Amino acid sequence: MKRHRNARAALTTLAALVALSLAGCATPGAGTGAGASIDGASAEAECPGASTPFDQLELAADVRTIDGPSTACLADTSLPVIESDETSAVPLTVTGVDGVEVVVESTDRILPLDITGTIAATVFSLGLGDQVVGRDSSTGFAEAADLPEVTQEGHTLSAEAVLSLAPTVVITDTTLGPRDALAQLRDAGIPVVIVSKERSVENIGELVDQIAAALGVPERAELLKSAIDTELAAVTTPIEASIPADPADRPRMIFLYVRGSANVYYLFGEESGADSLIDAVGGFDVAGEIGWEGMRPVTAEALVQAAPDVVLVMTEGLASTGGVDGLLERLPALAATPAGEHRRIVDMADTEILGFGPRTPAVVDALARAVYAPAAAGAYTGNGSGSAEGTGE
């Protein structure tokens, strides 16, 4: 029971922190477009080493002795999109994780909303992007950039903005508020399906299933889950084969949420999602060792006890502290750790690093490159097109 309470508390804190992090972020920029490819020269220009398979990179002899920060980047930020002839099996009745039974008559106008943009990314990757009519401010991929925004002042959901789009189904996870807005939508007769707000590498498939169930496309869900699993295995297999076999020789890693403008510094621990990300890149999750659960304000004692070799942060968060030097100045205890002494701070875009959706294989690969081969940090382009084919009735 305690573990479940800790998980719920962690998720509530994550929603609040991500809202703070993403508030004021720029509108999604131009990208390569859904399903588009990116040529090797362009990828190399944006992310050095992007075209070189991970197991062919020159990895550091001892990652714990690397000096200097690095940035994990995706050379191709477009979403993988599965191909299927399956159409939505509507009308349908679905029960959300809140226990409310919802009747969905049409999926012609879909509105996916959450604090990380994961739900929208999943809908697009299911091949239903053309039916999406709006977005929240966290949806940071180019394919959705031109959609009207229904959140205000960061992450406040505007019922009026939603109603103006006349969605036939809203899929959300309650990380956007106020709750009265969702009640107002339901009172107006709009089907609102609530899915899980848990985010981790392990539960991507569960979330895909829940979203696909609300849209009546189970075959598309199987195709997308298979594609993600295949790509994730393609990423993690060479990582595991290339890094030290003994966990004691792997980099001790932590994830810090930092927001200098608000003087907020949180250490993400077990059940936060960040722990699963560290495991995926082959790092040693120090938070588990020191018994740090969920997300809590970091303390000098915790940093000293953790003694991390590498610290993961969000790019905008790091910038808000004045960069690496500013972060170390604000957190003297961090400066005294191996990561601080070597200035080993690895950052990644706020809208990518904790999304835990269709781009997770690319995120894991990019982070691994930035951790183990920072001189050749690049993006994962997959073994093929990243798409799966299938037919439905």
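Residues numbered from 1 in each chain as written. Predicted model: local features only at pLDDT ≥ 70, side-chain atom pairs only at ≥ 80, totals over all residues. Heavy atoms only, no water.

Visitor: What exactly am I supposed to notice about the overall build of the protein chain here?
Guide: Helix and strand counts for the protein chain come out as 16 helices and 16 strands. Buried residues in the protein chain amount to 56% of all 393 residues. Relative to all contacts within the protein chain whose residues are 6 or more apart in sequence, the contacts with residues 24 or more apart total 71%. (Helix = DSSP H or I, 4+ residues; strand = E, 2+ residues; numbered from the N terminus. Buried < 20%, exposed > 50% of the residue type's maximum accessible area, 1.4 Å probe, protein only. Contact = heavy atoms within 4.5 Å.)

Visitor: Mind showing me how you'd approach the packing of helix 6 (residues 204-215) against helix 7 (residues 218-242) here?
Guide: For any two helices packed against each other, one specifies the inter-axial angle together with the distance between the axes. Interhelical geometry of helix 6 versus helix 7 gives an angle of 160° and a closest axis separation of 9 Å. Here helix 6 is positioned roughly antiparallel relative to helix 7, judged by the angle of their axes. In this structure, the crossing between helix 6 and helix 7 has a hand that is right-handed. Contact residues: Ile204, Gly205, Val208, Asp209 and Ala212 in helix 6; Ala221, Glu222, Leu224, Lys225 and Ile228 in helix 7. (Axes fitted to C-alpha atoms, helices over the stretch in contact; angles between N-to-C directions. Parallel < 35°, antiparallel > 145°, perpendicular 65-115°, else oblique. Left-handed = near helix turned anticlockwise from the far one by under 90°.)

Visitor: Would you explain the pattern of salt bridges in this entry?
Guide: Close approach of charged atoms allows side chains with opposite charge to pair. Using the criterion set out here, one finds twelve salt bridges in the structure. Of the charged contacts, one joins Arg250 and Glu240 as a salt bridge, the two residues approaching to 3.1 Å between their closest N and O atoms. With Arg250 in the loop between helix 7 and strand 10 (252-259) and Glu240 in helix 7, the pair connects residues that are ten residues apart, well separated along the chain. Judged by its relative accessible area of 38%, Glu240 is partly exposed. For Asp350, the salt bridge is made with Arg259, and the minimal N-O distance between the two is 3.8 Å. One end of the pair, Asp350, is in helix 15 (residues 350-353); the other, Arg259, is in strand 10, with 91 residues separating them in the sequence. Residue Asp350 is classed as buried on the basis of its relative accessible area of 8%. Take Arg259: its relative accessible area is 9%, and that puts it in the buried class. (Salt bridge = Lys/Arg side-chain N within 4 Å of Asp/Glu carboxyl O.)

Visitor: Just to check I follow, could you spell out the pairing of strand 3 (residues 92-95) for this structure?
Guide: Residues in a regular strand point their side chains to alternate faces of the sheet. Going residue by residue along strand 3, you find Leu92 and Val94 tucked away on one face and Thr93 and Thr95 left uncovered on the opposite face. In this sheet, strand 4 (residues 101-104) lies alongside strand 3 in antiparallel orientation, the contact comprising four bridges. Following the sheet pairing, Thr93 is matched in strand 4 by Val103. Hairpin connection of strand 3 to strand 4: five residues between the antiparallel strands, including Gly99 at a positive phi of 85°. (Pairing = 2+ DSSP bridges.)

Visitor: So what exactly am I meant to see when it comes to the confidence of the model for the protein chain here?
Guide: A low pLDDT score tells you not to read the predicted coordinates there in detail. With 83% of its residues at a pLDDT of at least 70, the protein chain reaches an overall mean of 85. Confidence drops under pLDDT 50 across residues 1-12; counting only partners more than four residues distant or on other chains, this segment forms twelve contacts. (pLDDT = per-residue confidence, 0-100.)

Visitor: Would you take a moment to explain unusual backbone geometry for this structure?
Guide: Negative phi values dominate among residues other than glycine, just as trans dominates among peptide bonds. That bond from Val90 to Pro91 is cis: its omega, 0°, falls within 30 degrees of zero. Note the cis peptide between Gly177 and Pro178, where omega equals 5°. Looking at the element boundaries, Pro178 is found in the loop between strand 8 (169-172) and helix 5 (179-187). A positive phi angle, close to 50°, is found at Ala166, a residue other than glycine. Within the secondary structure layout, Ala166 lies in the loop between helix 4 (159-164) and strand 8. Owing to a relative accessible area of 44%, Ala166 belongs among the partly exposed residues under this scheme.

Visitor: Just to check I follow, could you spell out the environment of Val235 for this structure?
Guide: Counting through the fold element by element, Val235 comes out in helix 7. Measuring from C-alpha to C-alpha, the distance between Val235 and Asp365 comes to 5.9 Å, with 130 residues separating the pair along the chain.

Visitor: Looking at this model, I keep getting lost on helix 5. Mind explaining?
Guide: In an α-helix, one turn spans 3.6 residues, which is why side chains three or four residues apart end up on the same side. When helix 5 is considered as a whole, its buried residues turn out to be Ala181, Leu182 and Leu185. Take helix 5 and look down its axis: the buried residues cluster within an arc of 100°, on one side only. With respect to the buried face of helix 5, the exposed residues turned more than 90 degrees away are Arg179, Asp180 and Asp187. The elements touched by buried residues of helix 5 are strand 7 (156-157), helix 4, strand 8 and strand 9 (192-194). Immediately downstream of helix 5, the backbone of Gly189 shows phi near 90°, a positive value. (Arc of directions from axis to C-beta.)

Visitor: How should helix 3 (residues 118-128) be read in this particular structure?
Guide: In terms of burial, helix 3 is largely enclosed, as ten of its eleven residues are buried. Residues of helix 3 that are buried include every one of Thr118, Ile119, Ala120, Ala121, Thr122, Val123, Phe124, Ser125, Leu126 and Leu128, and no others. Tucked inside the fold, the buried residues of helix 3 contact strand 5 (110-113), strand 8, helix 6 and helix 7.

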